[in-house]
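# Examination of the molecular architecture
Residues per chain are reported as follows:
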Amino acid sequence: MTRLYHEKLVNSTAMVKAAHENKYAIGHFNINNLEWTKAILEAAQASNTPVILGTSEGAIKYMGGPITVVGMVNGLLEELNITVPVALHLDHGQSIEMAKKCILAGYSSVMFDGSHLPYEENLAKTKELLIFANEHEISVEAEIGSIGGEEDGVVGNGELGDPTQAAEISKTGISMLAAGIGNIHGKYPEWWTSLSFDTLEELQSACKMPMVLHGGSGIPQDQVEKAISMGISKINVNTELQLAFRDATRKYIEAGKDLDDKTKGFDPRKLLNPGYQALKETFNELTEWFGCKGKA
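Residues numbered from 1 in each chain as written. Predicted model: local features only at pLDDT ≥ 70, side-chain atom pairs only at ≥ 80, totals over all residues. Heavy atoms only, no water.

The name recorded for the protein chain in an unreviewed UniProt entry is Fructose-bisphosphate aldolase, from Mesoplasma tabanidae.

Below, the structure is given as structure tokens:
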């Protein structure tokens, strides 16, 4: 199969490397449909902000498959005249086969999440994927120490990353490393208090490379900023976008605007617009936190 390609998509390597060197973080925003993708791209372009569009395996299936996702993103890049750096990233790829499928479909960046496997198997599969990814100039994210919580059916027990493993896997040629530091996918429970900054310090000292904070939704701003200062160079956001979209849509419906036949408030373009605008607002707020706004 010939790899589909679009000249405007870039891999994530240069983005996260620049972020790591200059102590800010690139926002990785999960997309779920056309509204999600268009809102993030327009907000990124308007604010001159580099961005990583992320898709979980569940979201890829929901949208019809990786070729459909790539077609939508490539079309929007062209039609909206997007000039800021944009990467399309497979989030939490559970197999190297899925990662390869996304690469051939036209993704510019992939994650292989082998944290559920014995470490030696995780390392071996990461190396195997890198051979294929390097042939297509695709950036690769790896993970050690699983992230707690659940995202699209993927459940993690929340283990802290091992600095020895971080040092070894960083030498394989990956572009960025995800590791458990007390972060959780989804909404944070009431008992949660803080990231493990001691663990982050040990991991960063061991790998000396851009690190990824998964489960970025709901972490207090001061903790986010501290994590960035200590080596976090990419922050994944999903739940926060979903909640913003939900709240704005609920407000529109509770106001009865969808029942107004005169204005055709039931038209999907009107019904979904409040959520669409809320996605842009959330993007602008979070990229301010991350320090990546205006860094394209």
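## Focus: unusual backbone geometry
With the exception of glycine, the majority of residues adopt a negative phi angle, and the majority of peptide bonds are in the trans configuration. For the record, the criterion: Secondary structure follows DSSP: runs of H or I at least 4 residues long count as helices, runs of E at least 2 residues long count as strands, and numbering of each begins at the N terminus. Three labels apply to residues, based on accessible area from a 1.4 Å probe with only protein chains included: buried if under 20% of the type maximum, exposed if over 50%, partly exposed otherwise in between.
Look at lysine 23: it is not a glycine, yet its phi comes out positive at around 60°. Checked against the element boundaries, lysine 23 lands in the loop between helix H1 (13–22) and strand S1 (26–30). The exposure class of lysine 23 is partly exposed, given its relative accessible area of 49%. Positive phi, normally seen in glycine, also occurs at glutamate 137, with a value near 60°. Mapping glutamate 137 onto the fold places it in the loop between helix H6 (119–135) and strand S5 (139–144).

## Focus on the packing of aromatic side chains
Inclusion rule: When the centres of two rings from Phe, Tyr and Trp lie within 6.5 Å, Trp using its six-membered ring, the rings pair. Their planes under 30 degrees apart give stacked, over 60 give edge-to-face, and anything left gives tilted. A ring is considered to have a charge above it if a Lys NZ or an Arg CZ atom is located within 6 Å of its centre and within 35 degrees of its normal.
Overall, the coordinates contain 2 aromatic pairs when judged by the stated rule. Where phenylalanine 29 meets phenylalanine 283, the ring centres are 4.9 Å apart and the plane angle is 45°; that geometry is what we call tilted. Highlighted residues: phenylalanine 29 in strand S1 and phenylalanine 283 in helix H12 (residues 273–290), separated in sequence by 254 residues. Where tryptophan 36 meets phenylalanine 245, the ring centres are 4.7 Å apart and the plane angle is 35°; that geometry is what we call tilted. Here the residue tryptophan 36 occupies a position in helix H2 (residues 34–47), and phenylalanine 245 occupies one in helix H10 (residues 239–254), the gap between them amounting to 209 residues. Classification of tryptophan 36 as buried rests on a relative accessible area of 6%. In this structure, lysine 100 packs its charged tip against the face of phenylalanine 132, placed 5.4 Å from the ring centre. Here lysine 295 stacks its cationic end above the ring of tyrosine 24, 5.1 Å away from the centre of that ring.

## Overview of the sheet that holds strand S8 (residues 176–179)
For the record, the criterion: Two strands make a pair as long as DSSP finds a minimum of two bridges between them. Working convention: axes come from line fits to C-alpha atoms, limited for helices to the stretch in contact. Angles between N-to-C directions cover 0 to 180 degrees. Note on definitions: a residue-residue contact is assigned when non-hydrogen atoms from the two residues lie within 4.5 Å.
Read around the closed barrel, the 8 strands follow the order S1-S2-S3-S4-S5-S8-S10-S11; overall the barrel is parallel. With direction set aside, neighbouring strand axes in the sheet form an average angle of 25°. In the sheet, strand S4 (residues 109–112) pairs with S5 via 4 bridges, with the strands oriented parallel. Residue serine 109 lies in a different strand from S5, and its bridge partner there is serine 139. Here H6 sits on the sheet and contacts S4 and S5; the angle it forms with S5, its principal contact strand, is near 175°.

## With respect to the pattern of salt bridges
Stated formally: Counted as salt bridges are all cases of a side-chain nitrogen of Lys or Arg within 4 Å of a carboxyl oxygen of Asp or Glu.
On inspection of all chains with the given rule, the structure shows 8 salt bridges. The structure contains a network of salt bridges with shared partners spanning Lys38, Glu42 and Lys280.

## Details of H6
Heads up, the condition is: A helix is expected to reach a length of 1.5 Å times the quantity of its residues less one.
Compared with an ideal rise of 1.5 Å per residue, which puts 17 residues at 24 Å, H6 spans 25 Å between its outermost C-alpha atoms and is within 8% of the ideal. All of the buried residues along H6 are Tyr119, Asn122, Leu123, Thr126, Leu129, Leu130, Phe132 and Ala133. Packed against the buried residues of H6 are helix H5 (96–105), S4, S5 and helix H7 (163–169). Backbone geometry just after H6 places glutamate 137 at a positive phi near 60°.

## What about the nonpolar core?
Counted only if it meets this: Joining through side-chain atoms within 4.5 Å is the link that ties buried Ala, Val, Leu, Ile, Met, Phe, Trp, Tyr and Cys residues into a set, and such a set is a nonpolar core.
Counting residues in each nonpolar core, the largest one holds 83 residues, and the members touching the most others are Phe29, Val86, Val110, Leu177, Ile235 and Phe290. Ranked by the residues each element gives to this core, the list is headed by H5, at 7 residues. Setting aside chain neighbours within four positions, we find phenylalanine 290 in contact with Tyr24, Ala25, Gly27, Phe29, Val224, Ile228, Ile235 and Val237. Formed by 5 residues, the second largest nonpolar core is a distinct cluster that contains Val16, Met111, Met176 and Ala178.

## So, the UniProt feature "binding site: Zn(2+) 2" (unreviewed entry) in the protein chain
Our working definition: UniProt positions are given in the numbering used here, feature names are shortened, and annotations may be inferred rather than shown by experiment. Nitrogen and oxygen atoms within 3.5 Å of one another constitute a polar contact, given that in protein one can donate a hydrogen and the other can accept it, and given that sequence-neighbouring residues count only through two side-chain atoms.
The sites that UniProt annotates as "binding site: Zn(2+) 2" (unreviewed entry) are Asp113 and Glu143. Considering the C-alpha atoms alone, the annotated residues occupy 31 residues of sequence yet fold into one spot, their largest mutual distance being 5.4 Å. Locating aspartate 113 in the fold gives a position in the loop between S4 and H6. Its relative accessible area of 4% is what places aspartate 113 among the buried residues. In this view, aspartate 113 contacts His92, Gly93, Gln94 and Glu143; residues no more than four positions away in its chain are not counted. Within polar-contact distance, the side chain of aspartate 113 engages the side chain of serine 115 at 2.6 Å. Considering the arrangement of structural elements, one finds glutamate 143 in strand S5.

## Quick notes on the UniProt feature "binding site: Zn(2+) 1" (unreviewed entry) in the protein chain
Residues given the UniProt feature "binding site: Zn(2+) 1" (unreviewed entry) here are His92, His185 and His214. Residue histidine 214 is classed as buried on the basis of its relative accessible area of 1%.

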